[in-house]
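For reference, the chains in residue letters:
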Amino acid sequence: MTDHRIIDPEALAKARGFSHGILAASGRLLFVAGQIGWDGDGRVVSPDFLPQFEQALANVVQVVRAAGGRPSDLVRLTLYVIDKRHYEAQLPEVGAAYRRQVGRHYPAMALLEVKGLLEPGALVEVEATAVIPDRGPSHGPADTEKAT
């Protein structure tokens, strides 16, 4: 069980599909680098926004799981899109893709429209922060970590 508490003050507009804040009482911080919609071979999965969005989220979740966490351990997501109209035009499908990857857990989120992304053909990049609860003496699969 995660040790997070959703903070959605009544004075703010109702959060839909995100939380205004998450209070993480304890755990280990995991900072997930921006993930784009590419597969394990480093190829962008599609020229279309929705498949890229879902793959980018799946990549974020893979990093969280490799650290011993779960999607519900995500406390912040930042979405960078090169055209917010792609996001807005497919909002129901974006929501469904999000729930397939993350479930009904909604961390604090921001969406930023940017001029471009580093990888040619990338339409979206997702950056994340997770708080991984200590789950006993083994803190997750340490052999998945790389020394730098």
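Residues numbered from 1 in each chain as written. Predicted model: local features only at pLDDT ≥ 70, side-chain atom pairs only at ≥ 80, totals over all residues. Heavy atoms only, no water.

(A) Representation of the packing of aromatic side chains within the structure. The final tally for this structure, using the stated rule, is two aromatic pairs. Centroid distance Phe49 to Phe53: 6.0 Å. Interplanar angle 15°. Geometry classified as stacked. Of this pair, Phe49 and Phe53 are both found in helix 1 (residues 49-66), four residues apart, which corresponds to roughly one turn of the helix. This pair shows no difference in class: Phe49 is buried, exactly as Phe53 is. Summarising the aromatic geometry, the rings of Tyr98 and Tyr106 are spaced 5.5 Å apart at their centres and angled 15° between planes, so their arrangement reads as stacked. (Phe/Tyr/Trp six-rings, centres within 6.5 Å; stacked < 30°, edge-to-face > 60°. Helix = DSSP H or I, 4+ residues; strand = E, 2+ residues; numbered from the N terminus. Buried < 20%, exposed > 50% of the residue type's maximum accessible area, 1.4 Å probe, protein only.)

(B) Molecular detail of helix 1. If you check helix 1, its first and last C-alpha atoms are 26 Å apart, about what 18 residues at 1.5 Å a residue would give, namely 26 Å. Here helix 1 has its buried residues at Phe49, Leu50, Gln52, Phe53, Glu54, Ala56, Leu57, Ala58, Asn59, Val60, Val61 and Val64. Of the surrounding secondary structure, the elements contacted by the buried residues of helix 1 are strand 3 (28-36), strand 4 (74-81), helix 2 (84-89), helix 3 (91-102) and strand 6 (124-132). Remark: Gly68 follows helix 1 within two positions and exhibits a positive phi of approximately 95°. (Expected span 1.5 Å × (residues − 1). Contact = heavy atoms within 4.5 Å.)

(C) Structural detail: the packing of helix 1 against helix 3. Taken N-terminus to C-terminus, the directions of helix 1 and helix 3 make an angle of 20°; their axes are 9 Å apart at the nearest point. By the angle class used here, helix 1 and helix 3 are roughly parallel. Considering how the two elements wind past one another, helix 1 and helix 3 form a crossing that is right-handed. Residues Phe49, Leu50, Phe53, Glu54, Leu57, Ala58 and Val61 of helix 1 lie in contact with helix 3, whose contacting residues are Glu93, Val94, Ala97, Tyr98, Arg100, Gln101 and Val102. Classifying every residue of the contact of helix 1 with helix 3 gives 10 nonpolar, one polar and three charged. (Axes fitted to C-alpha atoms, helices over the stretch in contact; angles between N-to-C directions. Parallel < 35°, antiparallel > 145°, perpendicular 65-115°, else oblique. Left-handed = near helix turned anticlockwise from the far one by under 90°. Nonpolar A, V, L, I, M, F, W, Y, C, P; charged D, E, K, R; others polar.)

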